[in-house]
Amino acid sequence: MEDTMIKLPASELEIMQAIWTLDEEGEKFISASLVMKRFPALNRLKLTTVLTLITRLQTKGFIRTDKLGRSNCYTPLISSAEYRKFAYGDFVEKVYRNDRLDLFSALVNDEALTKEDLEEIKAMIEKTENER
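An account of the accompanying structure is given in this report. This structure is a prediction, so every number in the text was calculated from the model and none was measured.

Comments concerning helix α1 (residues 10-24)
Next, step 1: In this model α1 runs 21 Å from its N-terminal to its C-terminal C-alpha over 15 residues, within 8% of the 21 Å that 1.5 Å per residue would give.
Next, step 2: For α1, the complete set of buried residues consists of Glu12, Ile15, Met16, Ala18, Ile19, Trp20 and Leu22.
Next, step 3: The secondary structure elements touched by the buried residues of α1 are α2 (32-38), α3 (47-59), β1 (63-68), β2 (71-76) and α4 (80-96).
Next, step 4: Residue glycine 26 follows α1 closely and has a positive phi angle near 90°.

Here it is in structure tokens:
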């Protein structure tokens, strides 16, 4: 799927993230009204706008729509992990010209990282080295 995946605009990604969260929480019937109810930040949008964004996500193959009575229920077809992997690759390619070491250097030298963050990164590296 990654070959055909496309980068989502911010507004669609925000809706998709809400759907992923609800799905990961085990919500069985994800509707537009539930998305808006559970994510108050989306209340700045009208329901018709949210429905339009959901239709775009369906057209792009990110979600499936099932009719349940008079309501539509949405199911993710692409996981958040799949999308993050795609978005990471796209970001590294476009911003860092595929130089992953340069990206890692920027992350490690970021003053926003705490000592605990750096320790966790170190532990991840050691774990990966031991698994290879």
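There is more to say after this.
Points about the packing of aromatic side chains
Next, step 1: Summed over the entire model, instances satisfying the criterion amount to 4 aromatic pairs.
Next, step 2: With centroids separated by 5.8 Å and ring planes inclined at 40°, the aromatic side chains of tryptophan 20 and tyrosine 83 adopt a geometry described as tilted. Placement of tryptophan 20 in helix α1 and of tyrosine 83 in helix α4 is noted, with a sequence separation of 63 residues between them.
Next, step 3: With centroids separated by 5.7 Å and ring planes inclined at 65°, the aromatic side chains of phenylalanine 91 and tyrosine 96 adopt a geometry described as edge-to-face.

Focus: the environment of isoleucine 78
Next, step 1: With respect to the helices and strands, isoleucine 78 occurs in the loop between β2 and α4.
Next, step 2: Once the C-alpha coordinates of isoleucine 78 and aspartate 102 are considered, the two residues, 24 residues apart in sequence, prove to be 29 Å apart.

Definitions and limits used
- Residues numbered from 1 in each chain as written.
- Predicted model: local features only at pLDDT ≥ 70, side-chain atom pairs only at ≥ 80, totals over all residues.
- Heavy atoms only, no water.
- Helix = DSSP H or I, 4+ residues; strand = E, 2+ residues; numbered from the N terminus.
- Expected span 1.5 Å × (residues − 1).
- Buried < 20%, exposed > 50% of the residue type's maximum accessible area, 1.4 Å probe, protein only.
- Contact = heavy atoms within 4.5 Å.
- Phe/Tyr/Trp six-rings, centres within 6.5 Å; stacked < 30°, edge-to-face > 60°.

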